[in-house]
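Okay, here's what each chain looks like letter by letter:
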Amino acid sequence: MAPFFVLFLLASSLIHGHAQFHPQNEAFISLLITQNGLDFVKELLVKKAISSIISLRLPNIEKTAKIPVVGNAYMVLSNITIYQIDVPSSHVKPGETGISIIASGATCSLSMNWYYSYSTWLVPVEISDKGRAEVQVEGMEVGLTLDLENQEGSLKLKLKDCGSNVKDISIKLDGGASWLYQGIVDAFEGQIGSTVENAITKKLTKGISRLDSYLKSLPKEVPVDDHTSMNVTFVNDVLLSDSSVGFETNGLFIERNDSLPILDICHKNSKLPILCTNSSKMLGITLDEAVFNSASALFYDAKFMHWIVDHIPDQSLLNTAGWRFIVPQLYKKYPNHDMNLNLSLSSPPVVEISNQKAGATANIFADMTIDVLEEDEVIPVACISLVIQGTGLVKINGNNLVGAVRLNDFEMSLKWSNIGNLRMYLIQPVVWTLIETVFLPYANARLSKGLPLPIIHGFTLQNAEIILSTSRLAVCSDVAFAESNKRFFYFI
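What counts, and where the lines are drawn
- Residues numbered from 1 in each chain as written.
- Predicted model: local features only at pLDDT ≥ 70, side-chain atom pairs only at ≥ 80, totals over all residues.
- Heavy atoms only, no water.
- Helix = DSSP H or I, 4+ residues; strand = E, 2+ residues; numbered from the N terminus.
- Buried < 20%, exposed > 50% of the residue type's maximum accessible area, 1.4 Å probe, protein only.
- Contact = heavy atoms within 4.5 Å.
- Areas by Shrake-Rupley, 256 points an atom, 1.4 Å probe, with all protein chains shown as cover.
- Salt bridge = Lys/Arg side-chain N within 4 Å of Asp/Glu carboxyl O.
- Patch = residues over 30% accessible without salt bridge, like charges linked within 9 Å, V, L, I, M, F, W, Y side chains within 5 Å.
- Lys, Arg positive; Asp, Glu negative; His and termini not counted.
- Charge placed at Lys NZ, Arg CZ, Asp CG, Glu CD.
- Pairing = 2+ DSSP bridges.
- Axes fitted to C-alpha atoms, helices over the stretch in contact; angles between N-to-C directions.

Section: the overall build of the protein chain
Helix and strand content of the protein chain: seven helices and 27 strands. The buried share of the protein chain, taken over its 492 residues, is 51%. Counted over contacts in the protein chain with a minimum sequence separation of 6, partners at least 24 positions apart contribute 70%. Summing over all exposed atoms, the protein chain offers an accessible surface of approximately 23400 Å²; the carbon and sulfur share of this is 52%.

Description of unusual backbone geometry
The phi angle at S55 is positive, at roughly 75°, despite the residue not being glycine. Within the fold, S55 resides in the loop between α1 (35-53) and β4 (57-58). Since its relative accessible area comes to 57%, S55 is described here as exposed. For E152, which is not glycine, the phi dihedral falls at a positive 55°. The topology assignment puts E152 in the loop between β9 (123-151) and β10 (154-165).

Digging into the pattern of salt bridges
Any two side chains of opposite charge can pair if their charged atoms end up close together. For the structure on display, the rule yields six salt bridges. Residues K415 and D367 are paired through a salt bridge, measuring 2.8 Å at the closest nitrogen-oxygen approach. A residue pair is termed long-range when its members are at least 10 positions apart, and K415 in strand β24 (residues 400-417) and D367 in strand β22 (residues 360-374) qualify at 48 residues. One connected set of salt bridges, linked through shared partners, spans K156, D212 and K216.

Section: a negative patch on the surface
On the surface, a cluster of negative charge is contributed by E374, E375, D376 and E377. Along the chain, E377 falls in strand β23 (residues 377-397).

Structural notes on the sheet that holds strand β27 (residues 472-481)
A sheet is described by the order of its strands in space; here six strands give the open sequence β14-β15-β3-β18-β27-β26, paired in antiparallel fashion. The sheet is open, and its two borders are formed by β14 (239-240) and β26 (459-469), each paired with just one other strand. Across nine bridges, the pairing between β26 and β27 is antiparallel. Residue pairing in the sheet places E465 in a bridge with C476 of β27. Contacts between α1 and the sheet are confined to β3 (29-34), β15 (244-249), β26 and β27, with β3 contributing the most and set at about 70° to the helix.

Observations concerning the sheet that holds strand β16 (residues 253-255)
In spatial order, the strands read β12-β13-β16; together these three strands make up an open sheet with antiparallel pairing. Both edges of this open sheet fall to β12 (221-223) and β16, since each of them pairs with a single strand only. Here the strands of the sheet are splayed against their neighbours by 40° on average, with no regard to which way each runs. Contacting β13 (228-231) and β16, helix α4 (residues 289-301) runs over the sheet at an angle of about 25° to β16.

This is how it looks when you write it as structure tokens:
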């Protein structure tokens, strides 16, 4: 069965219209990550950064010093490992110059081995000692500034600045005559602090590079079915304000083998406003009605809005015997012949979104041709024009925009007939039954699968709400993250 009912009332009223070509560099879907959304992502990144730094082994630190009377002393700190990090406070702040993330008051615990040796003219042998040490780094501040830009339709993440600063270090030695060497090892404080700062900065730089690779790997097309994809190529510049980060994507439907052009219904190119009124939501997604129109035109142009009905719940209606009292001349001319109903839309639907809270109305213009089957021949005997009027409802299921439709009324008229005049008032109850028992259940089954929203894999919408306005639909939602998303964690 052709999937044209996927397009049937997603959030709008559908009326008669015509498709036009449309360039690919305009935006029809916008995404806005609010301050709460940025905080959510920041916590996720901080958590991942901590887990990647724990068990990090730092380079050995060596030092040689000449001590009066004693002579030359060689000291080395080895197996330096960070085993615990605590970040009590962190914040993220977007702005025109980029996105800043700062963690303050952090503490870092390290373990290490220490070794000490010296020789002197007084004693002709080398004297040495070794043991373990615990280091506590306190008052550490880590900061980085990121730049996000659109590079040929993909997001490019750049590290503009990254650094860390250690405020205080305490060292406790165990083993050997540690009480004797505590003062000597304390002389390593500056080098330990620098090593920790450099190691964390290097690790964060590598992590940002991997995150940039992840963003570059995001697909520019999201498959909808076997024939269709949504073009999620980023267009225009990233929008940075003091409390949000915004993106715009093309959002139109395209044929998966790219043999058909991107289509659209007359649209004025303009910045898409975010319609979310609840500032506590993490994410806002605005879809222009052109997104749905591109799907409508694409399916229509690809000849998918054509449906041959050969199985229905009341199969007797697909035999001329079931019509003998409704259209007697049909039964008389073709007694006990099987039938098909050939339904096709006479034009691509045009989506018009309005600010109706409960849903929208729809007008579908279609032709239903009655075919009689005689041996291997299909004989068209009559054609009825239909205007189907329905009411629809849109909601969110997971990361999909799904819908349902209910029949309000329909009009019908005879377009042509090879079997004489038809009494339309007798046929109307039959057509109503067909719409209610065949077309609408199929349409709602397709609509229940929905259309994918441009959400990164692993993130799920939560507590989403839909806001309708003139020509646009907005999804305002919180976001959850699946810890099982190994691919995302691998990159970051």
